[in-house]
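Tertiary structure, described
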Amino acid sequence: MSTHEPPGRDSITVDHLRPDLTRALYTHMRTARDLDAEAVALQRQGVFPAYVSVRGQEAAQVASAAALDPGRDFVFPTYREMASALAYGVEMVGYMATHRALWHGGLYDVMESRFGAINAVVGGPVPHAVGWAVGERMRGGQGVALAYFGDGASSEGDVHEAMNFAGVYGAPVVFFCQNNRWALSVPNERQVAGGSVAARAQGYGMAGVTVDGNDAAAVYDAVTEAAARARRGEGPTLIEALTYRVEPHSTSDDTGRYRDETEADRWRAHRDPVVLLRAALVEAGHATAEELDAIDTGAKKRAEEIRDGVSTAPEPDGSQLFTHVFRETTQELTRQRRIWEEEVQP
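A brief look at the structure comes next. (Residues numbered from 1 in each chain as written. Predicted model: local features only at pLDDT ≥ 70, side-chain atom pairs only at ≥ 80, totals over all residues. Heavy atoms only, no water.)

**Considering the nonpolar core**
Core analysis: the biggest nonpolar cluster contains 66 residues, and Met82, Met92, Tyr95, Met96, Phe176 and Leu277 have the highest contact counts within it. When sequence neighbours within four positions are dropped, the list of residues in contact with phenylalanine 176 reads Ala60, Ser64, Leu146, Ala147, Tyr148, Phe149, Val219, Val223, Ile239 and Ala241. Listed in part, the 26 residues of the second largest apolar core include Val130, Val134, Val192 and Val197. (Core = buried A, V, L, I, M, F, W, Y, C linked by side-chain atoms within 4.5 Å. Buried < 20%, exposed > 50% of the residue type's maximum accessible area, 1.4 Å probe, protein only. Contact = heavy atoms within 4.5 Å.)

**Some words on the environment of glutamine 61**
Locating glutamine 61 in the fold gives a position in helix α2 (residues 58-66). For glutamine 61, a relative accessible area of 0% translates into the label buried. Along the sequence, glutamine 61 and arginine 337 sit 276 residues apart, while their C-alpha atoms lie 41 Å from each other. Residue contacts for glutamine 61: discarding those within four places in its chain leaves Val54, Arg80, Glu81, Met82, Ala83, Ser84, Tyr148 and Gln178. A polar atom in the side chain of glutamine 61 sits 2.7 Å from the backbone oxygen of arginine 80. (Helix = DSSP H or I, 4+ residues; strand = E, 2+ residues; numbered from the N terminus. Polar contact = N/O pair within 3.5 Å; in protein donor to acceptor, adjacent residues only side chain to side chain.)

**Details of unusual backbone geometry**
Non-glycine residue alanine 101 carries a positive phi angle of around 60°. Position of alanine 101 among the secondary structure elements: in the loop between α4 (92-96) and α5 (110-113). With relative accessibility at 57%, the residue alanine 101 sits in the exposed group.

**Remarks on the side chain of glutamine 178**
Tracing the backbone shows glutamine 178 in strand β3 (residues 173-179). Within the local environment of glutamine 178, its side chain forms a polar contact with the side chain of glutamate 81, the two groups lying 2.6 Å apart. For glutamine 178, the residues in contact, after removing those within four places along its chain, are Gln57, Ala60, Gln61, Glu81, Tyr148, Phe149, Gly150, Asp151 and Ala241.

**Some remarks on the pairing of strand β2 (residues 145-150)**
With five of its six residues buried, β2 lies for the most part within the structure. With three bridges joining them, strand β1 (residues 74-76) and β2 adopt parallel strand pairing. Bridge pairing in β2 places valine 75 opposite leucine 146. As paired strands, β2 and β3 are joined by six bridges and run parallel to one another. Bridging across to β3, glycine 150 finds its partner in glutamine 178. (Pairing = 2+ DSSP bridges.)

Encoded structure:
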């Protein structure tokens, strides 16, 4: 078994950021933490077929999303970016409905939200982000694409091809790798040659940055700079946010088969991003403990409201199985719909 010890320092600083921003970051992170717990419970109750936890990665997700402009930019998530969606302003009942397998990619408006549908293809969002970014540049827009992927996905061919394409064309993309040290059951040292994802940026002619993924302020700064660089026409950036997956890869995973759980316990105890940010806000004078307690109460209430909303969301009409399959329907699809209407629907 591999061991990934948390960094030596156990504090962060937010002095250079606005108090309203840091409080917003904390609010989103605290809400995501509570909603994550609710989502795991929903899976255990049979409401969700499966779920992937974001616990321990809230800083990387919330701060990266908060550094973007929802009016111009577009986010391309994997299957683990619930906290990013929350911070980006996505309608969360509709977003979480994806985990109930309701309709095509949830019940929220992807185009209006400028936040892509959950993508379960490993590395899949990365070429999509590059394609959008190239199109955005061609039409003269100032939008930036942010592509999320994990350390495991960094070994996928799609990711390398997309990065090379983006480097050649100077596409306005922020490649954001959440390196949580475990590609499902495989540790970094067994699948990331050279030990660093960010170091690969040089080969694609782009900037490469490594950042503490559990430090919300550091992540916010890195993405803000990368997005500004892209808007100036200086090309893409590859950011590697070093974090840790303290929970199983998914609700069907058994971490005891491949890692020592005392390792995860140390990360929980010393590098919990929510705890780190809370302490930093108090230290910087951005909020009092009492004010943060009030935020915690509000976050828990909102998480429960989202839980109740997604639990009771009505299932879509079965006829929608035939919607958006093809731009123009086919004879076979028409035949299947007719059979459904005559024999299947109540």
